[in-house]
Amino acid sequence: IEQLPKVNVQNQNIKCPWEKMGAVLRKLTKKFDASRIDTHDGIRIQYDNGWCLVLPDSRAPRLIVSAESTSSEESKKLLEHCKNNLEEIIRGEK
């Protein structure tokens, strides 16, 4: 176990109206190069230093965002980047 790389995961919920959820997720995938997107289980965005996963919450009008990297600082940066993109889309800015 000591040989496994250390990882840090950050999570946050983002409010998103039910009626916008599908469109928000589709628009998010268009903001990134297709080679960095995996849609098999939510939307996973691969970064050079980690990844973000965005999932719709089935019980509340919100998106669940998780970010993983090798340090707390890096995973927080990834989470913030993904969150900012989602909030722009939800507000209708991009």
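Residues numbered from 1 in each chain as written. Predicted model: local features only at pLDDT ≥ 70, side-chain atom pairs only at ≥ 80, totals over all residues. Heavy atoms only, no water.

**Things to note about the pairing of strand β4 (residues 50-56)**
- Across the seven residues of β4, five count as buried, placing the element largely inside the fold.
- Sheet topology places strand β3 (residues 43-47) next to β4; five bridges connect them, and they run antiparallel. Within β4, the residue paired with Ile-45 across the bridge is Cys-52.
- Linking two consecutive strands that pair antiparallel, namely β3 and β4, is a turn of two residues.
- Here β4 pairs with strand β5 (residues 62-69) via seven bridges, running antiparallel. In the strand pairing of β5, Leu-55 is matched with Ile-64.
- The turn linking β4 back onto β5 is made up of five residues. (Buried < 20%, exposed > 50% of the residue type's maximum accessible area, 1.4 Å probe, protein only. Helix = DSSP H or I, 4+ residues; strand = E, 2+ residues; numbered from the N terminus. Pairing = 2+ DSSP bridges.)

**Some thoughts on the packing of aromatic side chains**
- For the structure on display, the rule yields one aromatic pair.
- Judged by centre distance (6.1 Å) and plane angle (80°), the rings of Phe-32 and Tyr-47 are edge-to-face. Placement of Phe-32 in the loop between α1 (18-30) and β2 (37-38) and of Tyr-47 in strand β3 is noted, with a sequence separation of 15 residues between them. Tyr-47 carries the same exposure label as Phe-32, and that label is buried. (Phe/Tyr/Trp six-rings, centres within 6.5 Å; stacked < 30°, edge-to-face > 60°.)

**A closer look at the pairing of β3**
- What you see with β3 is a clean split: Ile-43, Ile-45 and Tyr-47 sit on the buried side and Arg-44 and Gln-46 on the side with no burial.
- Sheet topology note: the β2/β3 ladder contains two bridges and is antiparallel. When the sheet's bridge partners are listed, Ile-37 is paired in β3 with Ile-45.
- Here β2 folds back onto β3 in antiparallel fashion, the turn holding four residues, of which Gly-42 has a positive phi close to 80°.

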